[in-house]
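What follows is the residue order along each chain.
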Amino acid sequence: MSELNLLKSLDYSVLQQCMHCGMCLPTCPTYDETKFERSSPRGRIRLMREVADGRLGVTSTFAEEMSYCLGCLACQTACPAGVDYATLLENARGEVERQHVVGGTARRLFRWSTLSFLFRRPRLLRAFGRAMWLYQRSGLQSGLRRLGVMKLLPKQLRLMEAMTPTVVVPFSNARIAPLETPKSPANYRVALLTGCVQDLLYGPINRATADVLLANGCEVVTPSVQFCCGSLHAHNGELKLARDLARRNLDLYDVDELDAIISNAGGCGSHLKKYAELLHADERYHARAGAWDRKVRDVSEWLVQIGCRVPATASSSDAQGRTIATTVTYDASCHLMHGQRVVAQPLALLQMIPGLRLVPLVESDWCCGSAGVYSITQPEQSAKLLARKLDHITATGASVLASGNPGCLLQLENGMRGDPRFAHVRVCHPVELLAEAYRRESGGYDG
Amino acid sequence: MTPTVAPLAEELAQQLGAERVLTAPEDLAVYAYDGTAALRQNPACVVFPLTTHEVAACVQIARRHRAPIVTRGSGTGLSGGSVPMEGALVVCLNRMDRIIELDPRNLTIEVEAGVVTQTIDEAAGKHGLFYPPDPGSRKISTIGGNVAENSGGLRGLKYGVTRDYVMGLEAVLASGEIVWLGNKCVKDVAGYNLRDLFIGSEGTLGIVTRVLLKLVPQPQSRMTMLASFASLEAAGDTVSDIIAAKIIPCTLEFLDQQTIRCVEDFTQVGLPTEAAAVLIMETDGHPLVVAEEAAAMAAIASARGAISVRTAADDVEANKLLTARRSAFSALARVRPTTILEDVTVPRSELAGMVAFIAASAAKHGLQIGTFGHMGDGNLHPTFLTDERNADEMHRVELSLGEIVDRTLAVGGTITGEHGVGLAKKPYLRQQLGDHSYQLLKLVKRALDPEGLLNPGKIFE
């Protein structure tokens, strides 16, 4: 342990900011579940302060509680005192890792292979993705599953295997050219961040994002090989790796030449907007990180900011000439809503799409249990939250569920698979619906 | 005889099951506080009973082990009422959260102590009724805590406080016996009114486990307004004039500039950050009366030089304004590390003078004080924005606080309008009550809890 304790070296005023009023309690899914104070934001902050004050060591119970936290940041929205819980949690998790409190060879191997290896090497990640695609497409996966080979795996791996998402090819670099220009003269020049999970599993969302940006007069710069933003690392206590990735991203773009840096993944965006804080001690990068932070926008945030063009009314009607309205409901990505405070913009986009009727989703501000790698690290609690979410979605009667983060989309798709209530429910990103509406205008193919 | 901790927890675990008895250091540390700043003391054990009989069993066990008992709900109290003392057993009632009965024929609701205040109002709402007391923490505070502290809220002016709605309650005494005090009758003079003795007793006389509450019909309409002023005096005079005009609005809330800026920073509801003060005024009831009262209040504000008077367009905007006001205390924590909230209350005729006195005291001692409060009922919340780690500044806070208390009592006020004495206001109670009344309080305590088992050291030594 060469460095200082992360919680002890943290600016103490961040910890002191919490005056334990308790306003966060009703918004915390884990407190709601256990009703134990230590599973609440206020309780966790107190535990961190106990560690910072030297009254408590970084125990396995401390580590468990930090892991049990979803990091959904609903408490940040609720907090009148403005506590920066995200930073506190990242440092607490960082300290847990630094002190090697939680052991296990499998956990270490999993963390190493993902955080330290795959998610730091974009080309390798794509190669891995391609291998997964082959494995899934060749029938090998279903074959092995039929043979029951998976039963031989340890429980956690078996759970993970069952959740293996389907890789969608081609990846974003084959769908989006490095520079695409709108038909009309460009008013803005923006960079499009294609993400890691988004790139491997949701390439069409990246294409749709480029399309809606082009339709709104933006020239779109999309480097074919991009680095992970590092959110996965920061949220899981690997702050050093996160800093390294942030620097690589800053090196890849000429921020001064861009009007905005566009993310379409709530979780990534939430982290991307905090590079300056992450690199606060880095003299070389700190100023650039500040400029970067000021230009990062969620795609919905940017479109509303520049005055998104309303798609022309669709001609879709039934035989009697009545307009067919598709009902859509929106589930807020926690990191988009609570992390980035982008609340109204995705709804505004959905509301401007002709032929779409938006129905409210109860508890759309409540986590679905995806929360990064939470479905793997805390499968039980994740499943409870997923079930709760699915019940609310069923109650809306909507045929389309839109959400602005790949983790949430993946979690919801996993939950809906094989559930007859959702046989005809489509899960997608709001920009996909918007892109389709623009396509319908020009009589193009309606995806 | 000093029994060790382990047997207490063991005996509780035998009675309730180990999963509802906490003794790990990580658990004790998070029950060391409530919503009050700068108070912290770990308990010896935390227990989660599910029934009144389990509470009684906990009391018996604690008594055998001579462990003091601190009752807790959600831990949002603002005077240290549920902060433990050394060796204490925390009896946490947040899992006793059943609504027992809503009786629409008698307009009552019976609930367990751990039911959240807002949940009661929502349940009442389904029957066209409502539960008026609305403390700032209503989204998470429990009714048991509200009764123990006799909580107020934003509607106290017209609708009164928790006491005005408690028709009956069940309590576990220090002996472990269970009593029911009160009933559904509107009139009842059988014997001493002991029910009222338990309301606001801050967990020192018994553990409230069940409450029977009065509900009232929902008002047909309401109107909410925001008036901004260039001076504190103009806002204070507006309140005095409204009361003198014999208007009893449902809400008359005051925020000074410091508070306005912090709240606006958090809520972004469009409060005027350049104004010296704002008043949030709400009237409810029959639509005709509401319109008339709203117009009269707006006219009074304008006559007193209000910069602007804005009327909320709809319920959504009205609720935003009220929610913004409820966040005032916590939002003030944005400014400095430690936020010390006071609760002095004065007769309404003394309001303007009191607000000016607080501002002068802050200036004199070089302190930052944000003041907000329930102007309509004379209840002010001067809030010191300070740093508990700065000994010199904390000393000046004490001096200023002493002055504010002296002045409050000199004009016939009280040291606490709605937060309770607990630990935070304990040093000033005797000054307010005088020796005889103070001794009378202690006499009552000794009669009900001779061993000093229940929340000892709160209210008085």
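Everything quoted here is computed from the prediction, not taken from an experiment. (Residues numbered from 1 in each chain as written. Chains lettered and ligands numbered in written order. Predicted model: local features only at pLDDT ≥ 70, side-chain atom pairs only at ≥ 80, totals over all residues.)

A.B. asks: Quick question: what am I supposed to make of the overall build of chain A here?
C.D. replies: Per the secondary structure count, chain A includes 26 helices and nine strands. Once the C-alpha set of chain A is aligned to its principal axes, its extents read approximately 70 × 55 × 45 Å. By the burial criterion, 49% of the 447 residues in chain A qualify as buried. Here the analysis covers contacts within chain A between residues at least 6 apart in sequence; of these, 78% occur between residues at least 24 apart. (Helix = DSSP H or I, 4+ residues; strand = E, 2+ residues; numbered from the N terminus. Buried ≥ 20, exposed ≤ 12 C-beta atoms within 10 Å, placed from the backbone. Contact = placed C-beta atoms within 7 Å.)

A.B. asks: Where do I start with the overall build of chain B in this structure?
C.D. replies: For chain B, the helix and strand inventory stands at 16 helices and 18 strands. For a compact globule of 461 residues, the expected C-alpha radius of gyration is about 23 Å, and chain B comes in at 22 Å, within 12% of that figure. Expressed along its principal axes, the backbone C-alpha trace of chain B runs to roughly 70 × 60 × 45 Å. The 461 residues of chain B split such that 53% are buried. Within chain B, counting contacts between residues at least 6 apart in sequence, those at least 24 apart form 73% of the total. (Rg over C-alpha atoms; globule rule 2.2 N^0.38 Å.)

A.B. asks: How do you make sense of unusual backbone geometry when you look at a structure like this?
C.D. replies: For residues besides glycine, phi is generally negative; the peptide bonds are generally trans as well. With an omega of -5°, the peptide bond between A:Val169 and A:Pro170 qualifies as cis. Even without being a glycine, B:Asn150 presents a positive backbone phi close to 50°. For B:Asn150, the position within the fold is in the loop between α5 (143-149) and α6 (156-159). The class of B:Asn150 is buried, set by 23 C-beta atoms lying within 10 Å. Within the chain, B:Asn455 stands out as a residue other than glycine whose phi angle is a positive 45°. Structurally, B:Asn455 can be placed in the segment after α16 (435-448). Classification of B:Asn455 as buried rests on a count of 27 C-beta atoms within 10 Å.

A.B. asks: Just checking my understanding: could you explain the UniProt feature "domain: FAD-binding PCMH-type" (unreviewed entry) in chain B for this structure?
C.D. replies: Following the UniProt record, the feature "domain: FAD-binding PCMH-type" (unreviewed entry) maps to residues 39-218 of chain B here. Within the segment residues 39-218 of chain B, helix and strand shares are 21% and 26% respectively, and the terminal C-alpha atoms sit 39 Å apart. (UniProt positions renumbered as here; feature names shortened; annotations may be inferred.)

A.B. asks: Can you help me understand the interface of chain A and chain B in this one?
C.D. replies: Interface size is often expressed as the accessible area that is lost when the parts come together. With 24 residues of chain A at the contact, the number on the chain B side is 27 residues. At four residues, helix α4 (residues 41-52) of chain A tops the list of elements feeding residues into the side of chain A that touches chain B. In terms of residue class, the side of chain A that touches chain B is made up of ten nonpolar, nine polar and five charged. (Nonpolar A, V, L, I, M, F, W, Y, C, P; charged D, E, K, R; others polar.)

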